[in-house]
Structure formats: structure tokens, C-alpha cells
Amino acid sequence: MKVLVTGGCGFLGSHVCEFFRKEGWEVVSYDSMTKYELGRTGYGTEKTRDFNWNELKGMGCEMVKADVCDEQAMKDHSSGCDFLIHTAAQPAMTISWEDPRLDFNTNVLGTFNVLDAGRQHKIPVVNTSSIHVYGNHINETLTEGATAYERNPVAIGEDESVMVGQISPLHASKMAAEHYVRTFTDMLNTNAASFRFTGIYGPRQFGGEDHGWVANFAIRSVFELPLRIFGTGKQTRDIIFGSDGAQAYLDYFKNPVPGVYNIGGGPDHKISLIECINLIGEILGRKPEVEMHEERPGDMRYFICDISAANKAFGFKPQISPRQGVEKLLQWIESNKEVFQINN
Ligand SMILES: NC(=O)c1ccc[n+]([C@@H]2O[C@H](COP(=O)([O-])OP(=O)(O)OC[C@H]3O[C@@H](n4cnc5c(N)ncnc54)[C@H](O)[C@@H]3O)[C@@H](O)[C@H]2O)c1
């Protein structure tokens, strides 16, 4: 079996590539290596940029440097594959409002090209979407003294209203991509699904303030740099570990029921920013220094996925608890310290 993973050298894509290699698949990592957000983390260097590429090469993946906006390259490199997993993206909200055209091209045109390649080769496609499509107003509440936003019911299903509140270009491009997934399924004879991911974290994540908050906190804590929180710090997510996210794609391949699915850790993996920082401090044995800043527009205060639809359709069930996952992430940072060039 052979799979092409767009964005293979990204954080999630690298876990998908590794996971499928371990399952004995041939894996093509297809990535433009642009990584715009990396330059803004404060530790982005050639070493960090190439880290995942070198790791995947070492695992025996076929490495392709190409753009999802290149229709022909997309079609050619996916020829002979059995499955197409699309994780390439412009994933950062901040970049989406600074460069909305980049966001549109990558997330909308890019997704269209991936779907079209799947249609032409008659193979299933999974598009990686995001809980961003729900917008940023979820009717959360905050009890005095609590360390996390709350909501009743706790978990949110796929039938929740989408695009509620103030909408950024990233919200629009992720939603547009989902509409195309549905179009290819409904009218263009393609087996396709969208996975609406919650916050994902784990090794090989070069997270910064724009994207990848768990890794950002973990990296800065290891290097004893102050962490910046925007808002109350009580923003809450059901974080999911990279390999658990990767498993969802294989589960789908085995039971490919088209549709839209929330993919997250679910209520058992609920954690707020402050709780995550406390956990990191507990594991490292020292309390990270925290600076509080104004809430950013468009940031979502609460999201916990109801993952029962993905469980029912293809048996998805996350395995790694936040404590286990954060421990693995910290171990990876500690043993790869030379990769990070810390400037601030
Ligand atoms: N990390 C999270 O917490 C999170 C949460 C929800 C959804 N997601 C979604 O998961 C997906 C992967 O996110 P990630 O965190 O791994 O991001 P990432 O930035 O680590 O990886 C994205 C990869 O895509 C590549 N890429 C960008 N533009 C490209 C193009 N035009 N052609 C080919 N490759 C291109 C980049 O070089 C990068 O390696 C995205 O769709 C993102 O929206 C991520």
C-alpha cells in the first residue's frame, strides 16, 4: 500500500508519515518546505526547517519538495498511490490576516488540487480541517476561581453552528476547503472526508505563539524563557497527541465513510493553558515564568470535541493522555536542544 502525505514535513504530517511507515506502507512526503510560521517562533533555523525532512528520509519515506498549488506535480506524484492525506496548510490565524492571499492559495486552491488528484486516481482523500470552522463563540462560561473555561454540555459535535463570531481568513479558507470536500463527495464521485482537528501536540512540533501552543510552552519552559499568555490563560482544549491523530487516518482508510469528523482527545483530554503550564512545571520540577497579555481577536476560548461520530464510523479512539504526551514532548525537546537556536 502506498500513501501520499501533503505537508509531510510539517508537525502532523511527519507523524502521519511515521505512523504509516511503521504499518509497512510506502510513504511519499510531499511538502513545499515553506514553513512561514517557523520564522516567527524566535528559534527557526535551517536545522529546525530541515529536521522533519531528515527524520522522514531516515525512516525510508520518499521525499518530494513540491507545492500543493502545482496541479500537475500533485497529480503526477500521487499516481500509483492508494490513499491521499492532506495536511499541508497555512495553519496560523495571525498569518492569515497578514497575508490572506497566501492563506487562500494554500488552503483553498491547494485542497482543491489534492481532491482533484484523488478524483482522477480514484483513491480516497482525507482533508485536515480544524475546529476553527466553528468560529470563536461557543457560549463558554467562567466560574470564579476556576482554572478553565467550562461549557454545558462539555463536548461539541459536528452539528454545532459553524463560522460564529468574528471570522478571519483562516476560518474562511478552512471552511471553503470543507465545502469542496463535500462537493467532490456529492457530485464528483470521490471518497473524501474532512477531519476537524482540535489542538495537536507532540515531538517534532516547532510550535510558536502563532501555532502549536503546547509545544511553544514546552520549548520555552525547557529553555527557561518567559511564556506569554494572551487572555485569561483559561482557554480550554481537548488536546490530541500526534500519533493518535495519525491513527485516525488509517482508521478512516479501513472504514472510509465520507463526512466531517471532529478529531480530538475528547472530554478526558481537557486542559486549559494554565493547567498545561502547571503540568509542564510539575514534570520539569520548576515553575515556568508567565507574562499576561491582552486577548487576541479570533482566539477561541473553549473547544472540546465530541468524538463519537469518528468512533462510530471508523473506530477512532485516542490513546495518549495529556500527561503522557507532554512528558514525551518534553523528553524530545530535552534530547534535541541543539536544534533550537534561541534568540529571545
Ligand atoms: N497543530 C495543530 O494544533 C492543529 C490544530 C487543528 C488543525 N490543524 C491542521 O493540521 C494541519 C497540519 O498542521 P501542522 O500543525 O502540522 O502545521 P505545520 O505548519 O507544522 O505543517 C504544514 C506543512 O505544510 C507545508 N506546506 C505549506 N504550504 C504548502 C504548500 N503550498 N504546498 C506543500 N506544502 C506546504 C509546510 O511546509 C509544513 O511543513 C493543517 O491543516 C492545520 O490547519 C493543526
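Conventions adopted
Residues numbered from 1 in each chain as written. Predicted model: local features only at pLDDT ≥ 70, side-chain atom pairs only at ≥ 80, totals over all residues. Helix = DSSP H or I, 4+ residues; strand = E, 2+ residues; numbered from the N terminus. Buried ≥ 20, exposed ≤ 12 C-beta atoms within 10 Å, placed from the backbone. Contact = placed C-beta atoms within 7 Å. Near = placed C-beta within 6 Å. Nonpolar A, V, L, I, M, F, W, Y, C, P; charged D, E, K, R; others polar. Core = buried A, V, L, I, M, F, W, Y, C linked by C-beta atoms within 7 Å. Pairing = 2+ DSSP bridges. Axes fitted to C-alpha atoms, helices over the stretch in contact; angles between N-to-C directions. Right-handed = clockwise from strand over helix to strand, strands pointing away.

Chemist: Can you walk me through the overall build of the protein chain in this structure?
Modeler: Counting its secondary structure elements, the protein chain contains eleven helices and 14 strands. For the protein chain, the spread of C-alpha atoms along the three principal axes comes to 55 × 45 × 35 Å. By residue count, 49% of the 344 residues in the protein chain fall in the buried class. Intrachain contacts of the protein chain at a sequence separation of at least 6 include 82% that bridge at least 24 residues.

Chemist: I'm lost on the site of the ligand in this one. Help?
Modeler: Every one of the 28 residues lining the ligand counts as a neighbour, but Gly7, Gly10, Leu12, Ala88 and Ala89 are closest to it. Its residues placed into classes, the shell around the ligand shows eleven nonpolar, 13 polar and four charged.

Chemist: How should the nonpolar core be read in this particular structure?
Modeler: Most often, soluble globular proteins keep nonpolar side chains buried together rather than apart. In this structure, Val5, Val16, Leu84, Val214, Ala218 and Ile263 are the most contacted members of the largest nonpolar core, which totals 86 residues. Counting residues per element, this core draws most heavily on helix α7 (residues 213-222), at seven residues. Each residue touching leucine 84, except ones within four places of it in the same chain, is listed here: Leu4, Ser78, Val114, Ala117, Gly118, Ile123 and Val125.

Chemist: Hey, could you run me through the sheet that holds strand β1 (residues 2-6) in this one?
Modeler: Sheets are built from strands paired through backbone hydrogen bonds, the pairs being either parallel or antiparallel. With parallel pairing, seven strands are arranged side by side in an open sheet as β3-β2-β1-β4-β5-β6-β11. Taken across any chain shown, the strands that pair with only one partner, and hence form the sheet edges, are β3 (62-65) and β11 (259-263). The mean angle between the axes of side-by-side strands here comes to 20 degrees, regardless of whether they run parallel or antiparallel. With four bridges joining them, strand β2 (residues 26-31) and β3 adopt parallel strand pairing. Bridge pairing links valine 28 to glutamate 62 in β3.

Chemist: Sorry, what's going on with the pairing of strand β6 (residues 192-197) here?
Modeler: Remember that side chains alternate between the two faces of the sheet whenever the strand is regular. Counting buried positions along β6 yields six of six residues, so the element is predominantly enclosed. Here β6 shows a buried face lined by Ala192, Ser194 and Arg196 and a second buried face lined by Ala193, Phe195 and Phe197. In terms of strand pairing, strand β5 (residues 125-130) meets β6 through six bridges, oriented parallel. Bridge pairing in β6 places threonine 128 opposite phenylalanine 195. Following the chain from β5 across helix α6 (residues 169-186) to the adjacent parallel β6, one finds a crossover that is right-handed. As paired elements, β6 and β11 share five bridges and run parallel to each other. Bridge pairing in β11 places alanine 193 opposite glycine 259.

Chemist: Help me understand the sheet that holds strand β14 (residues 302-303), please; the structure alone is not making it clear to me.
Modeler: Strand order in the open sheet made by the three strands is β12-β9-β14, with mixed pairing throughout. Single-partner strands in this sheet number two, and they are β12 (270-272) and β14.

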